[in-house]
Structures are given as structure tokens and as C-alpha cells.
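Structure assessment
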Amino acid sequence: MKLKRVFAAALAVTMAAGAASCGKSDSDGKKDESKFEETVTIDEALTEESPISDFPEGAQTELEWFSYYDLNPSRSQPEKSTNLSLFEQKGGSIKYAQTSSMQKYDDLAARLMANDPPDMFAYEQKMTFPANCIKEMFQPIDDAIDLDAPIWADVRETADEFTLAGKHYVLPIAFGALSVMTYDKAAIEANGLDDPYELYQNGEWDWDTWHDIMKEYCSLSGPDEERFGVNGWFAPFIFQSTGKTLIGYDETSDEYVANLYDADLERAADLLYNIQKEGLYYPDWVGSASEAFKKNILFYAMGTWAVTPKEGDEWAIVPMPKDPNSDTLYTTLEINAFMWVRGSTAADAYRIWNECSRVAATDEEMIAIGKEKFFVNKPQFTEEMYDVAYSDVISDKFVRLIDHGYGISTALSDDDAATNPSKEAIIPYMYSSVMKSDENGKQYTWATLRETYKATIDSELKTFNDSYHKFIGK
């Protein structure tokens with residue numbers, strides 16, 4: 001699966017290009033991009049060994065992309081993506097139809113009602129699947145894509161997790177870590193603590209060692225010093241490290257079910273409850289690893305966008321700690337995928353776009369170029385940090401876990417519609433809520449939360465399952 005490079009990576013070719021105006025800035029962050037310089041850093045040419053199909057004669061070659069961001073070069077992102085370069089070389093093009101992040105599903109529904117469907121829409125963890133698939137916003141991909149083709153071998157098992165009535169709806173192109181744990185090695189060494197990266201390499205990085213390190217670090221604070229063990233986005237991943245999720249799919253009954261009384265999930269809740277109770281958790285928002293370390297927070301859990309070490313820093317990254325009761329490493333990942341909108345007839349263009357995107361994401365040369373660019377932007381990242389965040393967690397070391405609880409219903413899954421103070425739908429809220437307190441300052445217990453939300457969860461699941469069974473013809 002090799003691509004032939006026509007120009008050296010360092011050669012930048014710029015050309016004037018016009019782009020559709022996005023209009024002036026508005027409350028949803030749209031920007032006026034009527035004029036910009038498109039930057040092409042690498043021009044790709046296809047070899048005879050390429051797995052990318054050719055357009056059949058007379059096929060539709062343009063895909064209408066319905067989104068709140070453009071796949072074409074723009075003022076804010078002037079560099080043309082490799083998958084777009086490959087698609088254009090095949091004769092394809094992308095037409096951008098703009099919506100907003102808050103209104104995307106409503107706007108898509110309006111287009112479908114008007115019998116004017118776009119062709120393609122981004123997969124997002126929350127609400128895309130299965131909720132908006134059974135609402136028939138999207139169509140199965142099986143008629144457009146041969147999932148038995150070698151190009152899809154590494155993602156076929158994950159694609160099989162996104163089926164309804166035996167049909168596939170989501171085709172993963174690439175995976176990425178949603179969150180990792182960053183720490184300052186100097187703080188570990190100064191306090192004589194076990195190095196988490198070494199524990200991870202030895203298979204000993206789990207809830208217990210993580211908790212022990214945080215507790216010891218905080219216990220060594222000086223009289224005028226306040227320390228914390230962790231801040232950031234980690235709570236759902238602790239639950240998911242058990243290999244289970246709050247909402248699961250039951251093959252026997254062919255329906256989605258609540259796992260609120262599962263003993264493993266209760267263990268995860270107990271761990272998080274104790275982390276808060278023992279004062280190890282810093283609850284306020286912290287925007288970067290460097291800011292967290294200044295606050296004497298030992299572990300900062302977040303995507304790598306917030307991890308930018310400077311010269312002289314000695315940081316390290318580890319994945320989320322594993323369940324000590326399991327030998328399996330589980331992970332939930334960011335999934336890059338393109339939904340095929342119901343009513344679109346652009347099967348050939350949709351197939352070829354996905355093939356171009358997969359080649360761009362997996363070709364060794366393209367991966368190496370992407371890594372080079374990464375280290376230009378973050379030169380103080382170490383190879384070990386990069387390998388954990390961008391290689392290990394998406395490798396066969398980890399079992400990919402799909403959490404369908406994020407895609408069931410508005411009340412359970414849609415943060416945009418949440419009315420509680422933290423603006424979280426019920427499922428994401430429950431993952432972290434044992435570290436929260438009520439208006440009287442009393443910390444929530446798992447038992448209290450479970451009983452508070454059980455009736456709503458059961459009701460939402462019944463409504464969803466009724467719709468699901470109707471959709472599949474049961």
C-alpha cells in the first residue's frame with residue numbers, strides 16, 4: 001500500500017485558490033474564509049499497487065459534505081489533506097454544505113424531509129449511532145463498500161460493532177486516544193515514587209498502583225503546600241477498563257440494556273468515590289498539563305492537544321490504568337469515520353473517498369511524515385510519549401470497547417440538550433458523578449445515583465428498544 005511522493009516533504013507549493021464563503025463570524029464560530037492561500041506541502045501520485053478504486057464511467061464524482069467544518073483547504077486550515085489530494089487525483093471533489101455543531105442533526109433532518117439529502121456526514125460518538133441510524137438519517141454502507149477487501153481487514157472487527165439488522169453503518173478509518181495521563185517525572189523522582197511508565201511497561205500499571213502513587217504523593221505535602229493526585233478527563237475510562245459500559249447490548253434479547261448493578265462497574269465507582277473522598281481529585285477545569293503541574297497535580301488526564309512540554313521539562317505519558325482484576329487492556333477510542341446519508345446515490349464516490357482516507361491514514365510513508373510534523377510542533381515530546389499516545393493505545397495490545405450509551409437518546413446521551421448544572425447527559429454524568437457533591441456538600445454514592453436515575457434510564461431504553469425493534473422489523 002505504497003504511495004509515490006512527487007515532491008519532497010520539505011517543498012511547499014502555494015497556489016491561489018478561491019473557496020466558498022462561510023459568511024462572517026457568528027455565535028457558532030463560523031468565519032469568513034472567502035479568500036485564502038491554499039498550501040500543498042506534498043503532492044501524491046498513485047501507484048499501480050494502490051487499493052483505491054477508479055470511478056466507473058458516468059459515476060457521480062462529487063460528494064456533498066454536510067458539516068460545521070470543511071474538508072477542503074480553508075483560511076484556518078490552508079494545507080490540503082492527503083486523503084483529499086488522493087481523491088482529487090482520482091477525479092473526485094468535495095462540496096461543503098455548512099451547518100453548525102449545535103444544529104447539525106436538526107439541519108440534516110430538514111434536508112432529508114425536503115428530499116434534498118447531502119452525501120456524507122461525520123461520525124461522532126454522541127448520538128450518531130445507534131440513535132440517529134434508527135431515525136434513518138443514515139444508510140448502511142454495505143452496498144457501497146466491500147468490507148471483505150484487504151484494506152478493511154484491520155478495522156472490520158470494529159465495524160461489526162456498528163451493525164443494525166446485520167447491516168454496517170460505521171466504517172472506521174483511523175483511531176486515536178481520547179485521553180491519556182501525563183505526569184512530570186521530576187515530581188515522581190523527587191518524592192521517591194514508582195515511575196508509572198515503568199509500571200506500565202512491566203504490566204503493573206493498574207487502579208491499585210495509580211491510587212497508591214497518588215495517595216503517597218499527597219501525603220508527602222509540606223505544611224503550606226496543597227497537593228492533588230489527578231485532574232481532567234479520566235472517570236469514564238476507569239469504568240470502561242473493566243471491559244463493560246453502563247449501557248450494553250444483549251445479544252440474547254437483541255436489545256440495549258442497563259448495567260447499573262454490575263459488580264465490576266460498582267468497583268470502578270467505589271474507586272472514583274474514594275479518590276474524591278481522600279482529597280486526591282482536583283475538580284476544577286485546568287486547560288493544560290503545565291498549568292496542572294503548577295498546581296501540584298500529579299496526573300493530568302486529557303487529550304494530547306493539552307500536553308505541550310517546554311525545553312527542560314521531563315514529562316511522561318501512560319494510558320489509563322487497567323482494572324487489576326483483569327489481564328485484558330481495554331480502551332475506548334476516538335473513531336474517524338464518515339457516515340453515508342440516507343438518500344445519497346453517490347456510492348462510488350463514497351467508496352473511493354473512504355479508500356483514499358484509509359490509505360492516507362495507514363500508509364507507512366504518510367504516518368512517518370505525520371510524525372515528523374508532530375515533532376516540529378512539539379519538539380519536547382519524547383519518543384516514549386508519542387508511542388504511548390499515538391501507537392500503543394490503538395494497537396493490538398488493547399481491546400477496543402464501543403460505548404453505545406453515548407448514542408441512545410437525548411436524555412441519556414446528548415450533552416447539547418442537558419439541563420443539569422454540569423451540562424452533561426445522564427450517561428456521561430453518571431460516569432463522573434461519584435466525584436461530585438449535592439447542594440449540601442454531601443458526596444454522591446453510586447447507590448444513590450443508581451436509584452436516582454434508574455427509572456429514567458429504564459424508560460429511555462424501553463422507548464429506544466421499541467423503536468429499534470420496529471426499525472429492524474421485529
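Here, the structure is the one placed above.
These figures come from a predicted structure and were not determined experimentally.

1. A few points about the overall build of the protein chain
- Looking only at helices and strands, the protein chain features 16 helices and 20 strands.
- Counting contacts in the protein chain only where the partners sit at least 6 residues apart, residues at least 24 apart contribute 75% of the total.
- Put simply, the protein chain shows about 22,200 Å² of open surface, and 46% of that area lies on carbon and sulfur atoms.

2. Quick look at helix α16 (residues 446-471)
- At Y453, α16 is bent by approximately 45°, the largest bend along its length.
- G473 occupies a position one or two residues after α16 and carries a positive phi of about 85°.

3. Observations concerning the nonpolar core
- Ranked by size, the top nonpolar core spans 137 residues in total, and within it M181, W210, F234 and F299 carry the most contacts.
- The element that contributes the greatest number of residues to this core is helix α11 (residues 347-362), accounting for 7 residues.
- Beyond its immediate stretch of four places on either side in the chain, M181 contacts W205, W210, V230, F234, F299, Y300, A301, A316, I317, V318, M320 and P321.

4. Topic: the side chain of N132
- Relative to the helices and strands, N132 is located in helix α3 (residues 131-134).
- A polar atom in the side chain of N132 sits 3.0 Å from the backbone oxygen of M127.
- Not counting the four nearest positions on each side in its chain, N132 is found in contact with Y105, M127, M137 and F138.

5. A few points about the pairing of strand β11 (residues 180-184)
- Most of β11 is tucked away: 5 of the 5 residues are buried.
- Side chains V180, T182 and D184 project from β11 onto one buried face, and the interleaved M181 and Y183 project onto a second face that is buried too.
- In the sheet, β11 pairs with strand β16 (residues 315-318) via 4 bridges, with the strands oriented antiparallel. Residue pairing across strands places D184 opposite W315, the latter belonging to β16.

6. Brief notes about the packing of helix α1 (residues 82-89) against α11
- In the contact formed by α1 and α11, the axes pass within 8 Å of each other and the chain directions differ by 135°. Between α1 and α11, the interaxial angle falls into the category oblique. Considering the relative orientation of α1 and α11, their crossing is right-handed. Judged by residue contacts, T82, N83, L84, L86 and F87 of α1 engage A349, I352, W353, C356, S357, V359 and A360 from α11.

7. What about the sheet that holds strand β15 (residues 297-302)?
- Read across the open sheet, the 4 strands follow the order β12-β15-β11-β16; overall the sheet is mixed. Because the sheet does not close on itself, it has two edges, and the strands there are β12 (228-232) and β16. Across the sheet, the axes of successive neighbouring strands diverge by a mean angle of 25°, strand direction being ignored.
- Running at roughly 25° to β16, helix α13 (residues 383-390) makes contact with β11 and β16 of the sheet.

8. Details of α11
- Taking 1.5 Å of rise per residue, the 16 residues of α11 would be expected to cover 22 Å, and the 23 Å separating its terminal C-alpha atoms lies within 8% of that figure.
- Counting buried residues along α11, 12 of its 16 residues qualify, which places the element largely inside the surrounding structure.

9. A closer look at the packing of aromatic side chains
- Within the structure shown, the criterion is met by 35 aromatic pairs.
- Taking the centre distance of 5.9 Å and the plane angle of 65° together, the rings of Y183 and F299 count as edge-to-face. In this pair, Y183 sits in strand β11 while F299 sits in strand β15, placing the two residues 116 residues apart along the sequence. An identical accessibility class is assigned to Y183 and F299; each is buried.
- One cation-aromatic arrangement involves R227 over Y217; the distance from NZ or CZ to the ring centre is 4.3 Å.
- We note R400 situated over the ring of F175; from NZ or CZ to the ring centre the distance is 3.9 Å.

10. Details of a negative patch on the surface
- There is a patch of like negative charges on the surface, built from D194, E198, E204, D208, D212 and E216.
- Among the elements that take part in the negative patch, helix α7 (residues 207-219) stands out by supplying 3 residues, more than any other.
- Counting through the fold element by element, D208 comes out in helix α7.

11. Considering the packing of α7 against helix α9 (residues 263-277)
- With their axes 11 Å apart at the nearest point, α7 and α9 run at an angle of 10° to one another. In terms of orientation, α7 and α9 fall into the roughly parallel class. The residues of α9 that touch α7, namely those facing W207, W210, H211 and M214, are D264, R267, A268, L271 and I275.
- Grouping the amino acids of the contact of α7 with α9 by side-chain chemistry returns 6 nonpolar, 1 polar and 2 charged.

Each value, and the rule that gives it
Residues numbered from 1 in each chain as written. Predicted model: local features only at pLDDT ≥ 70, side-chain atom pairs only at ≥ 80, totals over all residues. Heavy atoms only, no water. Helix = DSSP H or I, 4+ residues; strand = E, 2+ residues; numbered from the N terminus. Contact = heavy atoms within 4.5 Å. Areas by Shrake-Rupley, 256 points an atom, 1.4 Å probe, with all protein chains shown as cover. Bend = angle between axes of the 7 residues up to and from the residue. Core = buried A, V, L, I, M, F, W, Y, C linked by side-chain atoms within 4.5 Å. Buried < 20%, exposed > 50% of the residue type's maximum accessible area, 1.4 Å probe, protein only. Polar contact = N/O pair within 3.5 Å; in protein donor to acceptor, adjacent residues only side chain to side chain. Pairing = 2+ DSSP bridges. Axes fitted to C-alpha atoms, helices over the stretch in contact; angles between N-to-C directions. Parallel < 35°, antiparallel > 145°, perpendicular 65-115°, else oblique. Left-handed = near helix turned anticlockwise from the far one by under 90°. Expected span 1.5 Å × (residues − 1). Phe/Tyr/Trp six-rings, centres within 6.5 Å; stacked < 30°, edge-to-face > 60°. Lys NZ or Arg CZ within 6 Å of the ring centre and 35° of its normal. Patch = residues over 30% accessible without salt bridge, like charges linked within 9 Å, V, L, I, M, F, W, Y side chains within 5 Å. Salt bridge = Lys/Arg side-chain N within 4 Å of Asp/Glu carboxyl O. Lys, Arg positive; Asp, Glu negative; His and termini not counted. Charge placed at Lys NZ, Arg CZ, Asp CG, Glu CD. Nonpolar A, V, L, I, M, F, W, Y, C, P; charged D, E, K, R; others polar.

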